Amino acid sequence: MTSIGIFGKLGRMGQAIADVAPSLNARIAGGVDIGDDPVPLAREADVLVDFSAPAALEANLAAARAGGTPVVIGTTGLARPHHDLIDDAARDIAVLQTGNTSLGVALLCALVRDATRRLGTDWDVEIVEMHHRQKVDAPSGTALMLGEAAAEGLGTPLSECGVIGRAGLTGSRAEGTIGFASLRGGTVAGDHSVVLAGDGERIELIHRAEDRAIFARGAVKAALWLKDQPAGRYTMDQVLGL
């Protein structure tokens, strides 16, 4: 049975992963939080999952490399320096980084990528997400994943076409841009809508998370898949074979 070590064991996702792992033929080797030494856990576990915090990423990756242990990173709010650290670690170990471990969201990204590729810039793309009041980053990691998928379909880097929030006299909407809107409130686990708006018609692709366990199950399935992969950087698309 594959053993999984959890970085961020006391967080919502860490606890959810511990709950679902046995049903997916995995066992929990243990867990750590910020302030704990992650190296012993990394050396004991077959594969690691990280749902801690961006500030802990560097130490967690160093521990994974020290143990030669693959790691699934689901921590959101990552910036360019964090991705540089992931790229560097992926030279030595298998790393799967994603803004959302839901298998449904992985499929949604594929649908969005295909839709924007076929429809082109004649159709406007807007991404709306809502999460619980405690979420600290915006747009959500999932919204950014969907934006990256849409931008890939359009053949344009998201850094060049993304518009995060609007206020004041913004002028008319620029063709080829991808807009983001973030809502926060209540206990919403995660709602994401991708609106493709053309002249006289509109397509909406929607994913609603009804139970946090979907993310935990996806994370465990990703960890089981990643355990046997060679060093490199991977995505949820590859777990699904998309």
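Residues numbered from 1 in each chain as written. Predicted model: local features only at pLDDT ≥ 70, side-chain atom pairs only at ≥ 80, totals over all residues. Heavy atoms only, no water.

Draft legend 1. Molecular detail of helix α4 (residues 80–89). What α4 keeps buried is the set His82, His83, Ile86 and Ala89. When α4 is viewed along its axis, its buried side chains cluster within an angular range of 120° and face the same direction. Of the residues in α4, the exposed ones pointing more than 90 degrees away from the buried face are Arg80 and Pro81. Packed against the buried residues of α4 are α3 (57–67), β4 (71–73), β5 (94–97) and β11 (232–234). (Buried < 20%, exposed > 50% of the residue type's maximum accessible area, 1.4 Å probe, protein only. Helix = DSSP H or I, 4+ residues; strand = E, 2+ residues; numbered from the N terminus. Arc of directions from axis to C-beta. Contact = heavy atoms within 4.5 Å.)

Draft legend 2. Summary view of the sheet that holds β5. What the six strands build is an open sheet, ordered β2-β1-β3-β4-β5-β11; its pairing is parallel. Sheet topology places β2 (26–32) and β11 at the edges, where each strand pairs with a single neighbour. On average, each strand axis in the sheet is tilted by 25° relative to the strand beside it, whichever way the strands run. Note: strand β3 (residues 47–50) against β4, three bridges, orientation parallel. What sits directly across from aspartate 50, in β4, is isoleucine 73. Contacting β1 (2–7), β3 and β4, α3 crosses the sheet at an angle of about 160° to β4. Running at roughly 150° to β5, α4 makes contact with β4, β5 and β11 of the sheet. (Pairing = 2+ DSSP bridges. Axes fitted to C-alpha atoms, helices over the stretch in contact; angles between N-to-C directions.)

Draft legend 3. A look at the sheet that holds strand β8 (residues 178–184). Strand order in the open sheet formed by five strands is β7-β8-β6-β9-β10, with mixed pairing between adjacent strands. The open sheet has two free edges, formed respectively by β7 (162–164) and β10 (201–208), since each of these has just one partner strand. Across this sheet, the average inter-strand angle for adjacent strands is 20°, counted without regard to direction. In the sheet, strand β6 (residues 124–131) pairs with strand β9 (residues 191–198) via seven bridges, with the strands oriented antiparallel. Considered in β9, the bridge of methionine 130 is made with aspartate 191.

Draft legend 4. How the structure looks around helix α5 (residues 103–119). Compared with an ideal rise of 1.5 Å per residue, which puts 17 residues at 24 Å, α5 spans 25 Å between its outermost C-alpha atoms and is within 8% of the ideal. Tucked inside the fold, the buried residues of α5 contact β6, α6 (141–154), β9, β10 and α9 (236–240). Put simply, serine 102 is the residue that caps the front of α5, since its side-chain oxygen is 3.1 Å from the backbone nitrogen of glycine 104. Where α5 ends, the next residue or the one after it, glycine 120, has phi of about 75°, a positive value. (Expected span 1.5 Å × (residues − 1). Polar contact = N/O pair within 3.5 Å; in protein donor to acceptor, adjacent residues only side chain to side chain.)

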